[in-house]
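Listed here are the chains, written in short residue letters.
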Amino acid sequence: MKINKIIVRHLKMPMKHPFTTSFGTINDKSFLLLEVHTEEGIVGFGECVAFEAPWYTEETVKTCWHMLEDFLIPIILQKDISHPNDVTKLFESIRKNKMAKASIEGAVWDIYAIASNQPLAKVLGGTKEKIDVGISLGIQPTIEKQIEVVGKYIAEGYKRIKVKIKPGWDVEVIKKLRETFPDVPMMADANSAYTLKDIDILKQLDEFNLMMIEQPLAYDDIVDHATLQKQLQTPICLDESILSLEDARKAIELGSCGIINIKIGRVGGISEAIKIHDYCKSKGIPVWCGGMLEAGIGRAHNIALTSLSNFVLPGDTAGSSHYFEEDIIQPEVVVEDGTIREAQTVGIGYEPNRKAIEKYTVSSKTYNYI
Ligand SMILES: O=C(O)CCC(=O)C1=CC=C[C@@H](O)[C@@H]1C(=O)O
Ligand SMILES: [Mg+2]
């Protein structure tokens with residue numbers, strides 16, 4: 001196949017609830033959506049998961065658009081591509097910028113699945129028909145409110161609850177949550193808010209039977225995490241620290257974590273995500289699919305990836321209606337009893353909702369091969 005046109009749209013979608021973590025609050029989901037056309041007339045979609053500000057990784061909506069326009073789109077247009085893995089190879093000369101790269105690669109996987117007349121999950125080697133889903137809840141103004149919000153989602157059937165922690169909002173909150181919900185699968189995500197100096201606080205969390213503690217230490221660290229893991233019973237899950245298969249290999253060899261959260265954008269695409277999945281499986285390290293508050297296209301890619309067999313822990317792929325009044329796909333993603341059914345139709349399994357895409361687009365640009 002040859003790509004001859006790419007439309008980049010910048011969308012802004014109001015979120016139903018603000019999402020607060022250790023580094024700030026998101027009220028609107030602002031992101032790039034890619035519509036990729038081939039010479040044969042196949043159209044695939046990719047979602048770029050970079051946020052407006054560089055607080056999760058260094059990429060932003062603007063840096064991604066710059067990388068797409070000035071480097072990645074010129075490389076990819078009119079090249080012979082026989083498999084999505086070719087995209088990763090074509091982008092090899094460009095360092096990092098993983099979310100920008102993944103947005104094109106995701107669309108090419110969509111195109112590849114359509115051309116193969118198969119659902120994306122099958123093309124990726126997925127075997128599950130239904131996936132378990134957890135929910136990630138932002139920091140609330142009070143502990144009472146946090147308990148109320150957690151209770152609401154337990155009642156909805158989500159298979160595990162993830163809460164955000166930060167210094168001053170940790171042991172006390174988790175203790176109260178555990179007293180109220182003694183048996184619920186629960187975990188805490190710190191988004192790198194601690195250092196080894198906080199080891200006594202982190203060790204106190206061992207008391208609460210958490211499934212894991214996600215990314216307690218620096219976003220680029222695996223050494224201190226290994227030191228910490230030796231002193232904790234609760235498994236550490238790495239998120240921000242794992243940008244590639246090589247990172248996963250080193251972290252596992254060092255004993256920095258017992259679990260890995262795989263996010264397609266963070267690792268540069270679905271091909272790298274599958275490699276990390278397979279490696280973790282061979283080492284007995286369970287994985288789960290993280291979320292970036294995606295709209296429907298990115299969510300559909302996450303759901304397809306989660307059909308692979310070593311995604312044994314519930315992911316952060318909640319239903320569309322948890323995030324938005326209206327999603328940009330049809331049908332929307334629906335969670336029933338804490339599970340999502342894998343789409344059986346060709347491609348990502350959901351149709352783009354053109355009216356909604358139009359409504360939330362604030363600017364766009366079309367790139368043709370000249
Ligand atoms: O998409 C979701 O529902 C999960 C959201 C979530 O937990 C995160 C999204 C983006 C950055 C972080 O705050 C966090 C994470 O680290 O996993
Ligand atoms: Mg995280």
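Residues numbered from 1 in each chain as written. Chains lettered and ligands numbered in written order. Predicted model: local features only at pLDDT ≥ 70, side-chain atom pairs only at ≥ 80, totals over all residues. Heavy atoms only, no water.

*Asks:* How do you make sense of the site of ligand 1 when you look at a structure like this?
*Replies:* Ser136, Asn191, Lys263, Leu293 and Tyr323 are the nearest of the 18 residues found near ligand 1. A distance of 3.1 Å is found between an oxygen atom of ligand 1 and a side-chain nitrogen or oxygen belonging to Asp189. Contacts to ligand 1 include Lys263, whose side-chain N or O atom sits 2.9 Å from an oxygen atom. Isolated, ligand 1 exposes 410 Å² of accessible area, and the fraction of that covered by the protein chains is 100%. Here ligand 1 occupies the largest cavity. (Near = heavy atom within 4 Å. Polar contact = N/O pair within 3.5 Å; in protein donor to acceptor, adjacent residues only side chain to side chain. Areas by Shrake-Rupley, 256 points an atom, 1.4 Å probe, with all protein chains shown as cover. 1 Å grid on protein atoms, 1.4 Å probe; cavity = no way out; pocket = protein on both sides within 12 Å on 5 of 7 lines; lining within 4 Å. Sits in = over half its atoms within 2 Å of the grid points.)

*Asks:* Even after reading the chapter, I still don't get unusual backbone geometry, so can you show me in this structure?
*Replies:* Note: most residues except glycine have negative phi, and most peptide bonds are trans. Of the consecutive residues Gln330 and Pro331, the connecting peptide bond is found in the cis state with omega at -10 degrees. With respect to the secondary-structure elements, Pro331 resides in the loop between strand E12 (329-330) and strand E13 (339-341). Residues other than glycine seldom take positive phi values, yet Lys96 does so here, at roughly 45 degrees. When you line up the elements, Lys96 lands in the loop between helix H2 (85-90) and helix H3 (98-115). Using a relative accessible area of 47% as the deciding quantity, one classes Lys96 as partly exposed. Non-glycine residue Asn209 carries a positive phi angle of around 50 degrees. Among the structural elements, Asn209 can be located in the loop between helix H7 (199-204) and strand E8 (213-214). (Helix = DSSP H or I, 4+ residues; strand = E, 2+ residues; numbered from the N terminus. Buried < 20%, exposed > 50% of the residue type's maximum accessible area, 1.4 Å probe, protein only.)

*Asks:* When you look at the sheet that holds strand E1 (residues 3-21) in this model, what are you seeing that I'm missing?
*Replies:* Strand pairing in a sheet relies on backbone hydrogen bonds, with the paired strands running either antiparallel or parallel. Reading across from one edge, E3-E2-E1-E15 is the order of the 4 strands in this open sheet, with antiparallel pairing throughout. Each edge of the open sheet carries a strand with a single partner, namely strand E3 (43-48) and strand E15 (361-368). Taking each pair of neighbouring strands and ignoring which way they run, the sheet shows an average axis angle of 20 degrees. Strand direction decides the pairing type here: strand E2 (residues 24-38) and E3, joined by 6 bridges, are antiparallel. Within E3, the position partnered with Leu34 by the bridge is Gly46. Where H3 meets the sheet, it contacts E1, E2 and E3, and its direction lies at approximately 150 degrees from that of E3. (Pairing = 2+ DSSP bridges. Axes fitted to C-alpha atoms, helices over the stretch in contact; angles between N-to-C directions. Contact = heavy atoms within 4.5 Å.)

*Asks:* How do you make sense of the coordination of the magnesium ion (ligand 2) when you look at a structure like this?
*Replies:* In an ideal tetrahedron of four donors about a metal, each angle is 109.5 degrees. In an ideal octahedron of six donors, the angles are 90 or 180 degrees. Donor atoms from the polypeptide that coordinate the magnesium ion (ligand 2) comprise Asp189 (OD), Glu214 (OE) and Asp239 (OD), at 2.2 to 2.4 Å from the metal. Of the residues examined, Glu214 reaches a relative accessible area of 0% and is grouped as buried. Classification of Asp239 by relative accessible area gives buried; the value is 0%. (Donors = N, O, S within 2.8 Å, 3.2 Å for Na, K, Ca; no water.)

*Asks:* I'm lost on the domain arrangement of the protein chain in this one. Help?
*Replies:* Many analyses report the size of an interface as the accessible area lost when the parts associate. One can read the domain layout of the protein chain as domain 1 (3-117 + 351-368) and domain 2 (122-341). Taking the mean C-alpha position of each, domain 1 and domain 2 sit 23 Å from one another. Broken down residue by residue, the surface that domain 1 buries against domain 2 is led by Lys16, Tyr56 and Lys98, which jointly contribute 19%. Between Glu326 and Lys359 there is a salt bridge, with the nearest N and O atoms lying 3.0 Å from each other. For the pair domain 1 and domain 2, the number of links is 22 residue pairs in polar contact (both at pLDDT 80 or more). Those elements that place two or more of their residues in the side of domain 1 that touches domain 2 are E1, E2, E3, H2, H3, strand E14 (351-352) and helix H13 (354-360). Broken down by element, the side of domain 1 that touches domain 2 gets its largest block of residues, 11 residues, from H3. When grouped by side-chain class, the residues that make up the side of domain 1 that touches domain 2 number 24 nonpolar, 10 polar and 10 charged. (Domains from an automatic or database assignment. Buried area = accessible area lost by both parts, 1.4 Å probe. Salt bridge = Lys/Arg side-chain N within 4 Å of Asp/Glu carboxyl O. Nonpolar A, V, L, I, M, F, W, Y, C, P; charged D, E, K, R; others polar.)

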